[in-house]
Amino acid sequence: MSLPSPASLLEVQLQPDRPPILSVDVPADASRWAAENRDALRALVTEHGVVLVRGLGLREPGQAGAVFTALAGDLMLEREAFAPRHSHGPGVYSSTTWPANQPMCMHHELSYALEVPGLMLFACVTPPGQGGATAVADAERVLQALPSALTERFEREGWLLTRSYNDEIGASLTESFGTDDPAAVEDYCRAHAIDFTWQPDGTLQTRQRRSAVVRHPVTGRRCWFNQIAFLNQWTLAPEVREYLVDVYGEDGLPFNTRFGDGTSIDEEVVQLLNATYDAHTRREPWQAGDLMLVDNVRTAHSREAFTGAREVLVAMAEPLRLADRCPTRKASE
């Protein structure tokens, strides 16, 4: 099978409130089709920031993993996870474990890490009964829509992620770092610009400061690239936040975000960020067998609340170490 001609790429369906959709009629060997059409599909991602491919008929993890590898080559192993995932083979994961009735707001995967995936791949094996879309938002347009005073502060100071690891909420040390050996955890933190403190009870607290705005490695355009809203306490459901603060205290929350100088982020700021994402959200309900490719720097993604069974597999690829991941101003200044 030959690659699609440039004219065929125009057949992608473009609507303002939906991601670009490419409908295909694929024979049984989806991974072979993906390999033969890799360049054309990647061109669509470069052009639009995201493309949903419908018609591949992906039904089980092995098949999805073969398609992921055909499109992206070597897949990344996740480190610094904030919530558990189930593994379906090297680099192929379940969606993050998160209550079905609570949405996961817009974010860029692992935007708090020094090495981030340039490409996200999703495959819907089992669609939900209702809801559950993996929605997307253009990070360039979100940045342009936010108040300049706010983005300039975040661009100047960056943002701070604080984490407290425990065995009850969120990912464990082993799930985040791939080991529970304290010395190995410390070595990882030092190598990845993460400040750490062991508490008297043996638990670990970390702080890592990252840029909120980066330039896309291909286009050079400025993108709002972070998880400031998603990992902030004010995005949690009120009853969940109240419970966690009551049990762990505000300084001991499993995760929280701050301005780069360490000051708290007001609830109104988080609401503004989420409202801006909402205004730029595009969504398409999952259908069984769908594949979605997402440029992780240009395009934020979310997971909406859902009912019923939902199995969406995830892979990360094309690791990037962006030159501007750490802002120039230090948090202590």
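One structure accompanies this document, and this report is about it. All values derive from a computational prediction rather than experimental measurement.

1. Some thoughts on the pattern of salt bridges
Summed over all chains, the structure comprises 19 salt bridges. One salt bridge connects R85 with E109, and the closest N-O pair in it is separated by 2.7 Å. Taken as a pair, R85 in the loop between α4 (61-72) and β3 (93-94) and E109 in the loop between β4 (104-107) and β5 (116-126) lie far apart in primary sequence, 24 residues in all. As far as the burial class goes, R85 and E109 line up, both buried. Where R321 meets E115, a salt bridge forms, and the shortest distance between an N and an O atom there is 3.9 Å. With R321 in the segment after β18 (311-320) and E115 in the loop between β4 and β5, this pair connects stretches of sequence that are 206 residues apart. What you see here is one network of salt bridges that share partners, running through R18, R54, E284 and D290.

2. Comments concerning the side chain of H48
By the element assignment, H48 lies in helix α3 (residues 38-48). By relative accessible area, H48 is classed as buried at 13%. Contacts of H48, omitting those with residues within four sequence positions, involve V12, L14, P20, R282 and R298.

3. Observations regarding the packing of aromatic side chains
Considering all chains together, one arrives at nine aromatic pairs under this definition. Between F154 and W224, the ring centres sit 5.7 Å apart and the planes meet at 75°, which makes this aromatic pair edge-to-face. Of this pair, F154 sits in helix α6 (residues 148-157) while W224 sits in strand β12 (residues 222-224); the two residues are 70 residues apart in sequence, bridging distant segments of the chain. Here F154 and W224 have matching classes, each one buried. Members of the aromatic cluster, each reached through a chain of ring pairs, are F82, W98, F230 and F255. When the ring centre of F259 is taken as reference, the NZ or CZ atom of R153 above it lies at 3.7 Å. The cationic tip of R310 hangs over the ring face of F306; the distance from NZ or CZ to the ring centre is 5.6 Å.

4. Looking at the nonpolar core
By size, the foremost hydrophobic cluster in this structure holds 48 residues, and its most contacted members are F82, F122, F154, W224, I228, L273 and M292. No other element matches the four residues that helix α10 (residues 267-279) contributes to this core.

5. Remarks on the sheet that holds strand β8 (residues 159-164)
Strands pair in a sheet through their backbones, by hydrogen bonds, and they do so in one of two ways: parallel or antiparallel. Read from one edge of the open sheet, four strands run β9-β10-β8-β13, paired in antiparallel fashion. Strand pairing shows two members of the sheet lacking a second neighbour, β9 (195-198) and β13 (255-259), which therefore form its edges. Put simply, the sheet's adjacent strands are angled 15° from each other on average, direction ignored. Where β8 and β13 come together, five bridges link them in antiparallel fashion.

6. Overview of the sheet that holds β5
Taking strand neighbours across the sheet as the criterion, the six strands line up as β1-β2-β15-β5-β18-β3 in an open arrangement whose pairing is mixed. Looking at strand neighbours, the two that pair on one side only are β1 (21-23) and β3, the edges of this open sheet. On the sheet, α3 packs against β1, β2 (50-54), β5, β15 (291-295) and β18 and is oriented at approximately 135° with respect to β2.

What counts as what
- Residues numbered from 1 in each chain as written.
- Predicted model: local features only at pLDDT ≥ 70, side-chain atom pairs only at ≥ 80, totals over all residues.
- Heavy atoms only, no water.
- Salt bridge = Lys/Arg side-chain N within 4 Å of Asp/Glu carboxyl O.
- Helix = DSSP H or I, 4+ residues; strand = E, 2+ residues; numbered from the N terminus.
- Buried < 20%, exposed > 50% of the residue type's maximum accessible area, 1.4 Å probe, protein only.
- Contact = heavy atoms within 4.5 Å.
- Phe/Tyr/Trp six-rings, centres within 6.5 Å; stacked < 30°, edge-to-face > 60°.
- Lys NZ or Arg CZ within 6 Å of the ring centre and 35° of its normal.
- Core = buried A, V, L, I, M, F, W, Y, C linked by side-chain atoms within 4.5 Å.
- Pairing = 2+ DSSP bridges.
- Axes fitted to C-alpha atoms, helices over the stretch in contact; angles between N-to-C directions.

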